[in-house]
Amino acid sequence: MNTLSTRINRFGSGATHLRSDTPLTLGQIQAAAPSIFADSAHESRSNRYTHIPTSEVLTRLMAEDFQVHAVMQGGSRDEQKRGFTKHLLRLRHASQALTVGGTHNEIVLLNSHDGTSSYRLMAGVFRLVCGNGMVVAENSVADVRISHKGNVSDLVLDGCVEVLNRLPEVSESVRQMSDLRLTSEEQALFASSALIAKYGDEPAPVTATQLLNVRRRDDAPSNLWNTLNTVQENVIRGGISYIQRDDQGRRVARRQTREVRGIDQNTNLNRALWALAEGMKQLKA
């Protein structure tokens, strides 16, 4: 058995993350994200809420050759909600071969059983060399949203097929980004914008230059695709050292930026970076 398939990263408040380069089984998925298998909705839901467990939908998708390669479960400080929290699945269809730039196109499925999310389908990209999983901005490939009512399984399957048919557009965008060389000034602008996406109006503890530090030789060529991957990995995975200072500017301690573990923050930040790359691609074109 592939070792990646058996290593579940567990975080505070019940959050988990599991990714594998081979398709995950239902048992592995349940071990990592039990909220997917909730046999009822959280007690806060009204009678108008139709409970269709994500596991039921997932079984239908797997029967149609959609394979799960990653799963995340959100945490909650309320222990009673941990079995119903938001969860995310990254799926590939068996017909999808490895695409441009050593990437896999993926379909990202988001749902919850506590009322925090409807069924939501998005386009995604997974890059083999660094293990980065990206989410494509909605202005590139539109989301499919499905409420908790009616024949959810059929609607989600139809939505997956809809997103699947748009994935060649994602591959073409990756190819175009790979062909666009950026100047050092353009890379700095991209990284500075990424800091705003991550920290907003708060002072960033790290610099744009630090976000451009490559973690492997493959990312050294200064094209738009490599820049996006380098910045995305540094922002999402964290681990960048910085000096914490007090209000008087005195050194307090050496710290490292934290990994982005929340499903919403991870997804939104990924999409913001993709939209930024698409915007720069349009400007360069």
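Each residue is numbered by its place in its chain's sequence as written, counting from 1. The model is predicted, so local features are restricted to residues of pLDDT at least 70 and side-chain atom pairs to those at 80 or more, both for listing and for counting; the totals for chains, interfaces and linings are taken over all residues. To obtain the side-chain values, all non-hydrogen atoms of the structure were used and water was disregarded.

**Side note on the overall build of the protein chain**
No. 1: Numbering of helices and strands runs from the N terminus; a helix is a DSSP stretch of H or I covering at least four residues, while a strand is a stretch of E covering at least two. Scanning the protein chain for helices and strands turns up seven helices and 10 strands.
No. 2: Expressed as a percentage of its 285 residues, the buried residues of the protein chain come to 47%.
No. 3: When contacts within the protein chain are restricted to residue pairs at least 6 apart in sequence, long-range pairs at least 24 apart make up 63% of them.
No. 4: For the protein chain, the computed accessible surface area is about 13800 Å², with 47% contributed by carbon and sulfur atoms. Here the term buried applies to any residue with accessible area under 20% of the maximum for its type, exposed to any over 50%, and partly exposed to those in between, with areas from a 1.4 Å probe on protein chains only. Residue contacts are counted whenever heavy atoms from the two residues lie within 4.5 Å of one another. Only the protein chains shown count as cover for residues, with accessible areas throughout obtained via the Shrake-Rupley method and a probe of 1.4 Å.

**Structural notes on the packing of helix H2 (residues 54-63) against helix H3 (residues 152-179)**
The description of two helices packed together rests on the angle between their axes and the distance between the axes.
No. 1: Note on geometry: axes are C-alpha line fits, over the in-contact stretch for helices, and angles between N-to-C directions span 0 to 180 degrees. Where H2 contacts H3, the two axes come as close as 9 Å, and the packing angle between them is 50 degrees. Comparing the axis directions of H2 and H3 gives the class oblique. Regarding H2 and H3, the two cross each other, and that crossing is right-handed. Facing H2, whose interface residues are Glu56, Val57, Arg60 and Leu61, H3 presents Val152, Ser153, Asp154, Val156, Leu157 and Cys160.
No. 2: Broken down by class, the residue content of the contact of H2 with H3 amounts to six nonpolar, one polar and three charged. Should an angle fall under 35 degrees it is taken as roughly parallel, and over 145 as roughly antiparallel, whereas 65 to 115 is taken as roughly perpendicular and any remaining angle as oblique. Should the near helix be turned anticlockwise from the far one by less than a right angle, the crossing is left-handed, and should it be turned clockwise, the crossing is right-handed. Polarity classes work like this: nonpolar for Ala, Val, Leu, Ile, Met, Phe, Trp, Tyr, Cys and Pro, charged for Asp, Glu, Lys and Arg, and polar for all others, with Gly in that last group.

**Section: the nonpolar core**
No. 1: The criterion is simple. A nonpolar core is a set of buried Ala, Val, Leu, Ile, Met, Phe, Trp, Tyr and Cys residues joined through side-chain atoms within 4.5 Å. Formed by 60 residues in total, the largest nonpolar core has its most connected members in Val156 and Trp274.
No. 2: For this core, the element with the highest residue contribution is H3, accounting for 10 residues.
No. 3: Leu88, Val108, Leu110 and Ile263 belong to the second largest nonpolar core, which has seven residues in total.

**Things to note about the packing of aromatic side chains**
No. 1: Stacked, edge-to-face and tilted are the three classes for Phe, Tyr and Trp ring pairs, Trp counted by its six-membered ring, which pair at centre distances within 6.5 Å; planes under 30 degrees apart are stacked, over 60 edge-to-face, the rest tilted. One pass over the full model with this rule turns up one aromatic pair.
No. 2: On the numbers, 6.3 Å between centres and 80 degrees between planes, the contact of tryptophan 225 with tryptophan 274 is edge-to-face. Placement of tryptophan 225 in helix H6 (residues 224-237) and of tryptophan 274 in helix H7 (residues 263-284) is noted, with a sequence separation of 49 residues between them. Note on accessibility: tryptophan 225 and tryptophan 274 belong to one class, buried.

**Looking at the pairing of strand E9 (residues 241-245)**
No. 1: Here the rule is simple: two strands pair whenever DSSP picks up at least two bridges between them. In the sheet, E9 pairs with strand E10 (residues 251-256) via five bridges, with the strands oriented antiparallel. The partner of isoleucine 243 across the bridge, within E10, is arginine 254.
No. 2: Between the end of E9 and the start of E10, which pair antiparallel, lie five residues, with glycine 249 showing a positive phi angle near 85 degrees.

**Brief notes about the confidence of the model for the protein chain**
No. 1: Confidence scores per residue from the predictor, reported as pLDDT, run from 0 to 100. A residue-level look at the protein chain finds 86% of positions with pLDDT of 70 or above and a mean pLDDT of 85.
No. 2: When mean pLDDT is compared element by element in the protein chain, helix H5 (residues 208-211) scores highest at 97, while strand E1 (residues 9-10) scores lowest at 74.
No. 3: For residues 1-5, every residue scores under 50 in pLDDT, and the model assigns this stretch 14 contacts once sequence neighbours within four places are set aside.

**Describing the packing of H3 against H7**
No. 1: Taken N-terminus to C-terminus, the directions of H3 and H7 make an angle of 60 degrees; their axes are 11 Å apart at the nearest point. Taken together, the axes of H3 and H7 lie oblique to each other. You can see that H3 and H7 cross each other, and the crossing is left-handed. When H3 is examined against H7, the residues Val170, Ser173, Val174, Gln176 and Met177 are found in contact with a partner set consisting of Trp274, Ala277, Glu278 and Lys281.
No. 2: Of the residues assigned to the contact of H3 with H7, the class counts are five nonpolar, two polar and two charged.

**With respect to the pattern of salt bridges**
No. 1: Each reported salt bridge corresponds to a side-chain nitrogen of Lys or Arg within 4 Å of a carboxyl oxygen of Asp or Glu. Applying the stated criterion across every chain, the model contains 18 salt bridges.
No. 2: Among the salt bridges present, the one from arginine 271 reaches aspartate 143, with a minimum N-O distance of 2.6 Å. Of this pair, arginine 271 sits in helix H7 while aspartate 143 is found in the loop between strand E7 (132-135) and strand E8 (144-146), placing the two residues 128 residues apart along the sequence.
No. 3: Exposure remark for arginine 271: the relative accessible area of 8% places this residue in the buried category.
No. 4: On the accessibility criterion, aspartate 143 (11% relative accessible area) is buried.
No. 5: Each of Arg127, Arg216, Asp219, Glu233 and Arg237 takes part in salt bridges that share partners, so that together they form one network.

**A closer look at the side chain of threonine 54**
No. 1: Of note, threonine 54 is situated in helix H2.
No. 2: A relative accessible area of 1% places threonine 54 in the buried class.
No. 3: Setting aside its immediate chain neighbours within four residues, threonine 54 contacts Ile36, His87, Leu89, Leu109, Asn111, His113 and Tyr119.

**Quick notes on the environment of leucine 109**
No. 1: Along the chain, leucine 109 falls in strand E5 (residues 103-111).
No. 2: A residue is classified by how much of its surface remains accessible, and leucine 109, at 2% relative accessible area, is buried.
No. 3: In this structure the C-alpha to C-alpha distance between leucine 109 and glycine 159, which are 50 residues apart in sequence, comes to 10.0 Å.
No. 4: With near-sequence residues (within four places) excluded, leucine 109 lies in contact with Thr54, Leu61, His87, Leu88, Leu89, Leu91, Tyr119, Arg120, Leu121 and Val156.

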